[in-house]
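# Residue-level structural notes
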Amino acid sequence: MNQPHDEETFWNLVDQFIEQANDSVDQAGDPALVSAALLQACSRFNAFVVAAASLDRKEYTEEVPSALSFLSNQFREQLEADLEDYREHYKVYIAKDRPDESLH
């Protein structure tokens, strides 16, 4: 699995997916439901990418453990970075409309 080559396209896609997720929250009414659906869609699409990049079922089967490790590690690293970003900027991202919000 490769990292994105076109950084501008990559970040534009990220922004589009986030915008669609935000719109979906308005429709679904529950951010957790949208999060679960996004996670499932991401999983399903990544399984497709790994399978489509394989020459045949045998190669796919051999690639599954390394793909699983790579994708799991990527998600964990990205999630850790984003959770830290929200911790550092909580008042800006979340509590901006909560004047009595204090960080502990």
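Residues numbered from 1 in each chain as written. Predicted model: local features only at pLDDT ≥ 70, side-chain atom pairs only at ≥ 80, totals over all residues. Heavy atoms only, no water.

### A few points about the overall build of the protein
For clarity, the cut-off: Counting from the N terminus, the helices are the DSSP runs of H or I reaching at least four residues and the strands are the DSSP runs of E reaching at least two. Contacts between residues were defined by any pair of non-hydrogen atoms, one from each residue, lying within 4.5 Å. To measure how exposed things are, a 1.4 Å probe is used in the Shrake-Rupley method; for residues, cover is taken only from the protein chains shown.
The helix and strand inventory of the protein stands at 4 helices and 0 strands. Counting from the amino terminus, the protein carries its helices and strands in the arrangement α-α-α-α. Across the protein, the fraction of contacts at a sequence separation of at least 24, relative to all contacts at a separation of at least 6, is 27%. When the accessible surface of the protein is totalled, it reaches about 9000 Å², and 56% of it is carbon and sulfur.

### Overview of the packing of helix 2 (residues 31-52) against helix 3 (residues 57-88)
Quick note on the threshold: Interaxial angles span 0 to 180 degrees and are taken between N-to-C directions of axes, which are lines fitted to C-alpha atoms, for helices over the stretch in contact. Angle categories are assigned with fixed cut-offs, so that under 35 degrees is roughly parallel, over 145 is roughly antiparallel, 65 to 115 is roughly perpendicular, and the rest are oblique. Take the far helix as the reference: if the near one is turned anticlockwise from it by less than a right angle, the crossing is left-handed, and if turned clockwise, right-handed. Under the scheme applied here, ten amino acids are nonpolar (Ala, Val, Leu, Ile, Met, Phe, Trp, Tyr, Cys and Pro), four are charged (Asp, Glu, Lys and Arg), and all others, including Gly, are polar.
The contact between helix 2 and helix 3 brings their axes to 10 Å, and the two run at 140 degrees. The pairing of helix 2 with helix 3 is recorded here as oblique in orientation. Crossing of helix 2 over helix 3 shows right-handed handedness. Across the interface between the two elements, Leu 39, Asn 46, Ala 47, Val 50 and Ala 51 of helix 2 pack against Tyr 60, Glu 63, Ala 67, Leu 71 and Phe 75 of helix 3. A breakdown of the residues in the contact of helix 2 with helix 3 according to their chemical character gives 8 nonpolar, 1 polar and 1 charged.

### Details of the confidence of the model for the protein
Worth spelling out the cut-off: Every residue is assigned a pLDDT by the predictor, reflecting its confidence on a scale from 0 to 100.
Averaged over all residues, the pLDDT of the protein equals 91, while 89% of them reach at least 70. Element-level pLDDT for the protein is lowest in helix 4 (residues 90-93), with a mean of 91, against a maximum mean of 98 in helix 2.

### Things to note about the side chain of Ser 54
Quick reminder of the rule: We define a polar contact as two N or O atoms separated by no more than 3.5 Å, with the added condition that, inside protein, one atom must be a possible hydrogen donor and the other a possible acceptor, whereas residues neighbouring each other in sequence contribute only through side-chain atom pairs.
Of note, Ser 54 is situated in the loop between helix 2 and helix 3. One polar contact links the side chain of Ser 54 to the main-chain carbonyl oxygen of Val 50, over a distance of 2.9 Å. For Ser 54, the residues in contact, after removing those within four places along its chain, are Glu 59 and Tyr 60.

### Focus on a nonpolar patch on the surface
Short version of the rule: Residues enter patches when they are more than 30% accessible in relative terms and free of salt bridges; like-charged ones are connected within 9 Å and nonpolar ones (Val, Leu, Ile, Met, Phe, Trp, Tyr) within 5 Å. Think of a salt bridge as a Lys or Arg side-chain nitrogen and an Asp or Glu carboxyl oxygen that are within 4 Å of each other. Using a 1.4 Å probe on the protein chains alone, a residue whose accessible area is under 20% of its type maximum counts as buried, one over 50% counts as exposed, and one in between counts as partly exposed.
A cluster of nonpolar side chains, namely Leu 39, Phe 75, Leu 79 and Leu 83, defines an oily patch on the protein surface of about 380 Å² accessible area. By the secondary structure assignment, Phe 75 is in helix 3. For Phe 75, a relative accessible area of 42% translates into the label partly exposed.

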